[in-house]
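Geometric and topological summary
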Amino acid sequence: MTVKPKPLSGWRVLVPRGGRWGDTVAATLRGHGAVPVIAPLINFASSDDAQTLANAFYELQDGQFDWLVVTSATTVDVLAGQSVIVPPTTRIAAVGETTAAALAVAGYQVTFIPEGDNSARGLLKEWPIAEITGRVLIPQSDIAEPTLVSGLAELGLDVQFVSAYRTVGVPIAQHVAADVASGRIGAVLVTSGSVARQVAEQLAPLPDATIVACIGPRTAFDARAAGLNVHVIAESRSADALVDALVEFVTAGAPENTEEER
């Protein structure tokens, strides 16, 4: 009996984040026959303004905010790491299902998740009309774009941004960079604008045959702004959607990529 090859058999795929996320994506890629190469391009460090963050969390726990908006699992780690207790009078909005799941695991109850676009723009579009009052705390990366803060302010909410952590670049291992340059790594996953900028800074120019797969339209926009050619765009901001989009692209006729050749 002939065994049908898996769709990503022979493909080596760069996974730009480590930790639980990277391990999960790597396992999913292996399930499709790929060889994942985990090489974190960004990491997270403590906020430069710890006192301002501490003050914001004090006000949050004191019930002075009507909403807490969380846009990443990294923010959840900061909240849990500082043992922040969100009072029941404060509602929590998560930018997407992945962030909501991280909040649930950490013991926080989510009130609102956008059903369509899991992004800042999606959250703004679907924000409950009846809830356009009160104070909102948004702890984000120091380099987060102001889309959410300015958008909620335009809706009429009293919004406070606070830097919860810093996003920093991580130098990629030389042998991985060499594999990318030689074309042995056939696809690169891009999970955020920060990752896109690190790919451009550390790995560009990519070989013409290297596939760049982005997690959602916003990340694709940032990748193009960084000078990358984008070939694959996942419809939603989830790891499964990103891998599925790559599989669909390859199955539809992307150039064959084998370990022996690459």
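Residues numbered from 1 in each chain as written. Predicted model: local features only at pLDDT ≥ 70, side-chain atom pairs only at ≥ 80, totals over all residues. Heavy atoms only, no water.

1. Considerations on the sheet that holds strand β8 (residues 187–190)
Spatial strand order, β2-β1-β8-β9-β10: five strands in an open sheet with parallel pairing. Two strands in the sheet have a free side with no partner beyond their single neighbour: β2 (35–38) and β10 (232–233). Relative to β8, strand β1 (residues 12–15) is paired through two bridges, and the arrangement is parallel. In the strand pairing of β8, V13 is matched with A187. (Pairing = 2+ DSSP bridges. Helix = DSSP H or I, 4+ residues; strand = E, 2+ residues; numbered from the N terminus.)

2. Examining the pattern of salt bridges
A full pass over the atoms with the stated rule returns seven salt bridges. The closest approach of N and O atoms between R12 and D179, which form a salt bridge, is 3.4 Å. Separated by 167 residues along the polypeptide, R12 in strand β1 and D179 in helix α7 (residues 174–182) bring together distant segments of the chain. Since its relative accessible area comes to 14%, D179 is described here as buried. Residues joined by salt bridges that share partners form a network here, namely R12, D179 and R184. (Salt bridge = Lys/Arg side-chain N within 4 Å of Asp/Glu carboxyl O. Buried < 20%, exposed > 50% of the residue type's maximum accessible area, 1.4 Å probe, protein only.)

3. Quick word on the sheet that holds strand β6 (residues 135–141)
What the five strands build is an open sheet, ordered β3-β7-β6-β4-β5; its pairing is mixed. The open sheet has two free edges, formed respectively by β3 (42–46) and β5 (91–94), since each of these has just one partner strand. Ignoring which end each strand starts from, the neighbouring axes of this sheet average 25° apart. Strand direction decides the pairing type here: strand β4 (residues 67–70) and β5, joined by four bridges, are parallel. When the bridges of β5 are listed, L68 appears paired with I92. Running at roughly 140° to β5, helix α4 (residues 97–105) makes contact with β4 and β5 of the sheet. (Axes fitted to C-alpha atoms, helices over the stretch in contact; angles between N-to-C directions. Contact = heavy atoms within 4.5 Å.)

Just distances and angles here, no functional claims.
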